[in-house]
Amino acid sequence: MSVEQVAVLGVGMHPWGKWGRNFVEYGVAAARAALTDAAVDWRDVGFVAGADTMRNGYPGYVAGATFAQALGWTGVPVTSAYGACASGAMALEAARQRILAGLCDVALVVGADTTPKGFLKPNAGERTDDPDWLRFRMLGATNPTYFALYARRRVDLYGATSEDFARVKVKNARHGLHNPYARFVKEVGVDDVLASPMVATPLRLLDICATSDGGAAVVLSSMDYARSRVGTDGLVRVAAISTVTPTFPNSVIEMPNFATDSAAGVSEPDRTFKQAIGDAAYAQAGLGPDDVDVAEVYDLSTALELDWYEDLGFCGPGEAEGLLRDGVTELGGRLPVNPSGGLACFGEAVPAQALAQVCELTWQLRGTAEGRQAGDPRVGITANQGLFGHGSSVILTR
Amino acid sequence: MATRRPVVEGWFTIPDDDTPPSLIGTRCTESGTYFFPPERVMSRAPGFADSELEEVHLSRRGRLWSYTDAQYQPPEPYVPVTDPHEPFCIAAVELEAERMVVMGQVVAGVRVEDLRIGMEMELVLDTLDVRPADARTEDGNEDEIEYVVWKWRPVDDGGAS
């Protein structure tokens, strides 16, 4: 199977940071940059898809229409998507479907967030029917708790070391040095990571990504529209968007749950949820792991980046540390991962992050990622996973 | 006099006697799938939507699937139990019969160095926090409410490994 493609006409970002301003400002800046990059006038946009954040208000406010109003009402149809870390990819999927259905030529996708300091925490109130609230109340289980449970598995089952985890941070910090949109732009050594305070053993402060303010936007168009405007030479295309959910029984503990599904009555699926996210993207694009030249994966923790190497099929189980040590996944290697610097250099701006991954891959495929260009890639893949069974993967080609 | 209350109703037993406590789950009678927290509405095993759900007590022991600790005080609604914060461990324990993993805090005094994947753990009840009785609860003469939660404890195997 490979599906009909749409074109990535333009991308744009607002720098990540802890700016403390209204998220709409970041989204508008990113949207205008993407429109400029696409050479598309806002009045010609036929559809707006917003990636929602829950932290800045209720969904009616934090939505596609918020950005449409800020850019100046044109009567454009809107939609809004909430899918935790996958929100941006879900909004992108809505835009792609709109274009492939022939309902518009050009669509704008926007995600932006303003984050509070410290651990992400659930909404206030006494909400005993919300697992996200209960896990903090009953277990004191933060997001890093779950990241650490996975990291511990790598340590005890595969012999991963704190130095291995630190090397992921060192690599990503080096990658992000020349990224004008990164928040943390500083060389980091293995010793720096090992000297940072322990948060959730075996993960230290510098193993875990921060939360950031930021905004990202993508302009998609039909291939016909792109052909008539810019031609198809070197044009970046969306070959796949995967937004699959887990298959029952999901036997890996996931945020914000207390327990996995039970595999006592129904046999487990052959592939885990994270593997299935990438599988669906590969199947849609008619491509496989061997075709991938560059990847942007969700390094919520250093150890999670290593999990993604295996879940996306870059190597077998327990082989990710070797791939990293051999330099395969650093710039100059065969398959650079997180050339943007990843979450290690950005911190997470949830509804913008999946779109930021698409922005970076677009620049990589165009060969314009100055100071961090991953060779001459033709195929790039993104991957992320968030709360409540949300995850996504996008494959771009040129 | 503190009244003991579960932090969530219907998820675990609070025996009055020496009976060991259990997590309360449900079981899809047709597929044999277990659910914790207990599903009350319908079986989530696809294809078994019309199956009966029966209440069951889950295995009280399991094997450690993974573990970590909280070196920093978690944010609200976590209620601090010590000032300053004392790190505590969190375990994910695999129940053999139910073929599922259940998380829980580990009892105080256990450090990550004391834990290893595969070791046997057992369920206990422990105090989560003690709060002044809320007048709205209309519970009469109680002064305090002790909220109780399940935790995991390494099985004392007499030093055998």
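Please read all numbers here as calculations on a predicted model, not as lab measurements.

What counts and how
Residues numbered from 1 in each chain as written. Chains lettered and ligands numbered in written order. Predicted model: local features only at pLDDT ≥ 70, side-chain atom pairs only at ≥ 80, totals over all residues. Heavy atoms only, no water. Pairing = 2+ DSSP bridges. Helix = DSSP H or I, 4+ residues; strand = E, 2+ residues; numbered from the N terminus. Axes fitted to C-alpha atoms, helices over the stretch in contact; angles between N-to-C directions. Parallel < 35°, antiparallel > 145°, perpendicular 65-115°, else oblique. Contact = heavy atoms within 4.5 Å. Nonpolar A, V, L, I, M, F, W, Y, C, P; charged D, E, K, R; others polar. Domains from an automatic or database assignment. Buried area = accessible area lost by both parts, 1.4 Å probe. Salt bridge = Lys/Arg side-chain N within 4 Å of Asp/Glu carboxyl O. Polar contact = N/O pair within 3.5 Å; in protein donor to acceptor, adjacent residues only side chain to side chain.

1. A look at the sheet that holds strand S3 (residues 34-35) of chain B
Pairing between the strands of a sheet is mediated by backbone hydrogen bonds and can be parallel or antiparallel.
Residues and elements named next belong to chain B.
Here's step 1: Reading across the sheet, the 3 strands line up as S3-S2-S4 and stay open at both edges, with antiparallel pairing between neighbours. Two strands close off the open sheet at either side, each with one partner strand: S3 and strand S4 (53-57).
Here's step 2: Note that strand S2 (residues 24-28) and S4 share 5 bridges and pair antiparallel. Paired with Cys28 across the bridge in S4 is Leu53.

2. Examining the packing of helix H3 (residues 87-100) of chain A against helix H13 (residues 350-366) of chain A
Residues and elements named next belong to chain A.
Here's step 1: Where H3 contacts H13, the two axes come as close as 5 Å, and the packing angle between them is 65 degrees. Classified by the interaxial angle, the pair formed by H3 and H13 is roughly perpendicular. Taken together, the residues of H13 that come into contact with H3 (itself represented by Ser87, Gly88, Ala89 and Leu92) are Pro351, Ala354, Leu355 and Val358.
Here's step 2: Here the residues of the contact of H3 with H13 sort into 6 nonpolar, 2 polar and no charged.

3. With respect to the domain arrangement of chain A
Residues and elements named next belong to chain A.
Here's step 1: Taken as a whole, chain A is organised into domain 1 (6-118 + 213-235) and domain 2 (131-206 + 238-397).
Here's step 2: Computed from C-alpha atoms alone, the centre-to-centre distance between domain 1 and domain 2 is 23 Å.
Here's step 3: The partner domain 2 presents 37 residues to the 43 residues of domain 1 that form the contact.
Here's step 4: Carbon and sulfur atoms make up 70% of the surface buried where domain 1 meets domain 2, a total of about 2,900 Å² over both sides.
Here's step 5: When residues of domain 1 are sorted by the area they lose upon contact with domain 2, Met13, Trp16 and Cys85 head the list and together hold 27% of the total.
Here's step 6: The tally of links from domain 1 across to domain 2 stands at 1 salt bridge.
Here's step 7: One salt bridge connects Arg366 with Asp37, and the closest N-O pair in it is separated by 3.0 Å.
Here's step 8: Between the two partners, domain 1 and domain 2, sit 8 residue pairs in polar contact (both at pLDDT 80 or more).
Here's step 9: For the side of domain 1 that touches domain 2, the secondary structure elements donating two or more residues are strand S1 (6-17), H3, strand S4 (106-113) and strand S7 (213-221).
Here's step 10: In terms of residues, the side of domain 1 that touches domain 2 owes the most to one element, S1, which gives 11 residues.

4. Structural notes on the sheet that holds strand S9 (residues 294-297) of chain A
Residue and element names in this part refer to chain A.
Here's step 1: As summarised here, the arrangement of the 9 strands in space is S3-S2-S4-S7-S1-S8-S11-S10-S9, forming an open sheet in which the pairing is mixed. Pairing within the sheet leaves two strands with one partner each, and these edge strands are strand S3 (78-81) and S9. Averaged over all pairs of adjacent strands, the angle between their axes in this sheet comes to 20 degrees, without regard to strand direction.
Here's step 2: Of the strand pairs in this sheet, strand S2 (residues 47-51) and S3 are connected by 4 bridges, and their pairing is parallel. Note that in S3 the partner of Val48 across the bridge is Val78.
Here's step 3: This element, helix H1 (residues 23-38), spans S1, S4 and S7 of the sheet and lies at about 140 degrees to S1.

5. Quick word on the interface of chain B and chain A
Here's step 1: Of the residues lining the interface, 49 residues belong to chain B; the matching set on chain A comes to 39 residues.
Here's step 2: With both sides pooled, the region where chain B packs onto chain A buries about 3,700 Å², and carbon together with sulfur makes up 64% of that total.
Here's step 3: If you sort the residues of chain B by the area they bury against chain A, Trp65, Pro77 and Met103 of chain B come out on top, with a joint share of 18%.
Here's step 4: Connecting chain B to chain A are 3 salt bridges.
Here's step 5: Between Asp261 of chain A and Arg44 of chain B there is a salt bridge whose closest N-O contact spans 3.1 Å.
Here's step 6: Across the contact surface, chain B and chain A share 16 residue pairs in polar contact (both at pLDDT 80 or more).
Here's step 7: Contributing elements (two or more residues each) for the side of chain B that touches chain A: S3, strand S5 (61-70), strand S6 (88-95), strand S7 (100-106), strand S8 (120-132) and strand S9 (144-154) of chain B.
Here's step 8: Across the side of chain B that touches chain A, the residue classes break down as 33 nonpolar, 9 polar and 7 charged.

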